[in-house]
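Breakdown of the fold
Next come the chains, spelled out residue by residue.
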Amino acid sequence: MMRAHVRDRLTESNRRALGPGEPHRNPTRARVIVHVDMDAFFAAIEERDNPALRGKPVIVGGPKGSRGVVTTANYVARGYGVGSGMSLAKAERLCPDAVHISTKGGKYTWVSLQIMEIMRRFSPEVEPYSVDEAFLDGSGCAHLFGGLYHYGAAIKRAILDELELTASVGIGPSRVVAKMASGMNKPDGLTVIEPHRVAARLGPLPVGKIPGVGPTTEQALKSLNINMIRQLVECPRDLLEMKLGKHGDDLANKLAGAEGIDRIGLEQPVDDKSKGHEHTFHRDVTSRSRLLQQLLVQCEMVSRRMRRDLFVGRRVTLKLRTHDFRTRSHQRVTRDWTDDPVELFQVARGLLDDIWREEERIPVRLVGVSVSGLIRPGEPAGVQEDLFLARLRERRALLFRAVDDLRDRYGENIVGLAAGYGSRRSSTPGITLSA
Amino acid sequence: MRYEDIGDRIELIALFRDGRIRPLKFRWRDRVYRIQRVNGEWVSDQGQTRFYHYSVMTTGPDVYELTYNGDTRAWLLDRVCLIG
């Protein structure tokens, strides 16, 4: 199945990644974390399924002239400046000849599941990170393949042979290092950073390259005159914590990764600061009931992701973009930690009423809901749970676990809260719940 | 290049082997198309019905999207991408 040109590219990429000398043998059997990141995933699937698209700029998101944003652009389109998250209108201006393809979520999810299956053959510990990314703990497996490089190459080859898709693979002693490594040689790259080379490889990079360090943290670090990862490594931890609070401690963990000391387990995501979902309406909306309907569906989606990744959170943020592209956001901290969609919706509804009034008839273009301040259920939260609500929560948790099982088996639209019916994408009649 | 939604029922000969389905040739509007290449395949669910989707090419450059309905056991030609 594998085409010669793709095989050649893989071989060339592997040669580039390996360079002269020995394959990385991992003689000390240090922790081996592999990050697999599919290259322009949705666009690559569309190119695979329609070879005529190869070499053309491809934008996955929606048909030409439609609202919404670019989900993925292939590398040809990226050459024109098109990027994920950009509005489709802007993408069309930048690259008028691009082929626009509507997002086919079910198709990409299916291929993603195939990729995860392949990865489970390489390690018993695979953690899907998103639809097109996953971490593997290869600590006990890499030596079976003849070393780190051969391990990474074997994963890439299996994905290419079986699915005709390329992935960029990064290998390092921690999740952060592995993730940074996978981004160093895209597309179709393979980068191995051994523990003793972490400081040398990552030290000269800007701190903004660390996964989870966004513009705000980057700015805070710059105020301490910290621009490079090396400077971050050398900065006293107490100063970091003083400036960045709890996030300083998280950064310290990332630092530990950058120093090659693995304090970040596969089970502990490093940059999951929030879970959220945004939706752009096909037509601007001025009806409160329509907005609430959409908000409920989004709260269900966010809640499902939180349950899947075993998080609860307290800070709910509502984002609203009006027809004139003005964006407002508002947030509220709930009393208890929760992943319950109904509780999230109740907060989101209150936030909507704070920042938008139906009688003003300001058309809304986009709504987004996110939950931040995430912790694992059972972690010390510093808040006494409401005991009267606890039993109700337990019952609802059982209900939503059953809902998750149904959705895993029959698709996302098979069951949902009744008030959100009509906002779901599929017209397939499903089961509705009232909670 | 342009996509055309079709949605026609078709007759199709397929090989069922090792739990997989490989479409071999199909008849559409009185013409038989021999499948030369399966570009990709995926599965979707609607309710309890499972659909098996195939993106295939015949002797020409056009790309055909075929769907097998696991419930009714019928094949559909969903859409065609016409090249050129």
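Residues numbered from 1 in each chain as written. Chains lettered and ligands numbered in written order. Predicted model: local features only at pLDDT ≥ 70, side-chain atom pairs only at ≥ 80, totals over all residues. Heavy atoms only, no water.

1. Observations concerning the overall build of chain A
A tally of regular secondary structure across chain A gives 15 helices and 14 strands. Taking all 435 residues of chain A together, the buried fraction comes to 50%. When contacts within chain A are restricted to residue pairs at least 6 apart in sequence, long-range pairs at least 24 apart make up 65% of them. On chain A, roughly 20,600 Å² of surface is accessible, and the fraction owed to carbon and sulfur atoms is 52%. (Helix = DSSP H or I, 4+ residues; strand = E, 2+ residues; numbered from the N terminus. Buried < 20%, exposed > 50% of the residue type's maximum accessible area, 1.4 Å probe, protein only. Contact = heavy atoms within 4.5 Å. Areas by Shrake-Rupley, 256 points an atom, 1.4 Å probe, with all protein chains shown as cover.)

2. What about the confidence of the model for chain A?
Residues and elements named next belong to chain A. Overall, the predicted model of chain A reaches an average pLDDT of 81, with 81% of residues at or above 70. Low pLDDT (under 50) marks residues 1-22, which in the prediction has 33 contacts with non-local residues, meaning those over four places away or in another chain. Below pLDDT 50 for its whole length, residues 258-271 participates in 51 contacts with residues either more than four positions away or in separate chains. (pLDDT = per-residue confidence, 0-100.)

3. Digging into the environment of Val177(A)
Residue and element names in this part refer to chain A. The topology assignment puts valine 177 in helix 7 (residues 175-182). Using a relative accessible area of 0% as the deciding quantity, one classes valine 177 as buried. Residues valine 177 and isoleucine 33, 144 residues apart in the sequence, show an inter-C-alpha distance of 8.4 Å.

4. As for the sheet that holds strand 6 (residues 63-69) of chain B
Judged by pairing direction, the sheet is antiparallel, and its seven strands sit side by side in the order 3-2-1-7-6-5-4 (chain B) without closing on themselves. Strands with a single pairing partner mark the edges of an open sheet, and in this sheet they are strand 3 (31-34) and strand 4 (37-46) of chain B. Each adjacent strand pair in this sheet contributes to an overall mean axis angle of 30°, direction not counted. Pairing of strand 1 (residues 2-17) of chain B with strand 7 (residues 74-82) of chain B, which is carried by seven bridges, proceeds in the antiparallel orientation. Along strand 7 of chain B, the bridge assignment pairs Arg2(B) with Leu82(B). Sitting on the sheet, helix 2 (residues 41-49) of chain A touches strand 4, strand 5 (49-57) and strand 6 of chain B, and the angle it makes with strand 4 of chain B is about 125°. Each of strand 4 and strand 5 of chain B is contacted by helix 5 (residues 105-120) of chain A, which is oriented at about 105° to strand 4 of chain B, the strand it contacts most. (Pairing = 2+ DSSP bridges. Axes fitted to C-alpha atoms, helices over the stretch in contact; angles between N-to-C directions.)

5. Things to note about empty space enclosed by the protein
As enumerated under the stated definition, the model contains two cavities of 30 Å³ or more in all. Estimated volume of the largest cavity: approximately 60 Å³. Lining the largest cavity, in full, are Glu46(A), Asp49(A), Asn50(A), Tyr3(B), Ser55(B), Val63(B), Glu65(B), Arg79(B), Val80(B) and Cys81(B). Going through the elements one at a time, helix 2 of chain A together with strand 6 and strand 7 of chain B are the ones with two or more residues in the lining of the largest cavity. Broken down by element, the residue count for the lining of the largest cavity peaks at three residues, all from strand 7 of chain B. (1 Å grid on protein atoms, 1.4 Å probe; cavity = no way out; pocket = protein on both sides within 12 Å on 5 of 7 lines; lining within 4 Å. Points joined across faces, edges and corners; volume = space filled by probe spheres on them.)

6. Some remarks on the interface of chain A and chain B
One frequently used descriptor of interface size is the decrease in accessible area upon assembly of the parts. Each partner contributes residues to the interface: chain A has 20 residues there, and chain B has 20 residues. With both sides pooled, the region where chain A packs onto chain B buries about 1,600 Å², and carbon together with sulfur makes up 56% of that total. Three residues stand out in chain A for area buried against chain B, namely Asp49(A), Trp110(A) and Tyr410(A), and they jointly supply 31% of the buried area on that side. Our count for the contact surface shared by chain A and chain B stands at one salt bridge. (Buried area = accessible area lost by both parts, 1.4 Å probe. Salt bridge = Lys/Arg side-chain N within 4 Å of Asp/Glu carboxyl O.)

7. Some points on the sheet that holds strand 2 (residues 58-61) of chain A
Sheet strands associate in pairs through backbone hydrogen bonding, adopting either a parallel or an antiparallel arrangement. All names here are of chain A. Reading across the sheet, the three strands line up as 3-2-4 and stay open at both edges, with mixed pairing between neighbours. Looking at strand neighbours, the two that pair on one side only are strand 3 (72-73) and strand 4 (99-102), the edges of this open sheet. Where strand 2 meets strand 3, two bridges bridge the pair, whose relative direction is antiparallel. Within the sheet, the bridge partner assigned to isoleucine 59 lies in strand 3 and is alanine 73. Taken strand by strand, helix 2 contacts strand 2, strand 3 and strand 4, and its axis lies near 115° from that of strand 2.

8. Considering unusual backbone geometry
Residue and element names in this part refer to chain A. At the junction of lysine 186 and proline 187, the peptide bond is cis and its omega measures out at -10° in the coordinates. Residue placement: proline 187 occurs in the loop between helix 7 and strand 8 (190-192). The backbone phi angle of leucine 310 is positive, close to 60°, even though this residue is not glycine. Here leucine 310 lies in the loop between helix 13 (288-308) and strand 10 (313-322).

9. As for the packing of helix 5 of chain A against helix 6 (residues 148-163) of chain A
Residue and element names in this part refer to chain A. Where helix 5 contacts helix 6, the two axes come as close as 10 Å, and the packing angle between them is 140°. When the interaxial angle is binned, helix 5 and helix 6 end up oblique. As for how helix 5 packs across helix 6, the hand of that crossing is right-handed. Taking contact as the criterion, the partners of Val111, Gln114, Ile115, Ile118 and Met119 in helix 5 are, on helix 6, Ile155, Ala158, Ile159, Glu162 and Leu163. (Parallel < 35°, antiparallel > 145°, perpendicular 65-115°, else oblique. Left-handed = near helix turned anticlockwise from the far one by under 90°.)

10. Side note on the pattern of salt bridges
All names here are of chain A. Applying the stated criterion across every chain, the model contains 32 salt bridges over all chains. The salt bridge partner of glutamate 300 is arginine 407, with a shortest N-O separation of 2.8 Å. Within this pair, whereas glutamate 300 is found in helix 13, its partner arginine 407 is found in helix 15 (residues 387-410), the two being separated by 107 residues in sequence. For the pair shown, glutamate 300 and arginine 407 are each scored as buried. Linked by salt bridges that have partners in common, Glu46, Arg48, Asp49, Lys104 and Lys107 make up one network.

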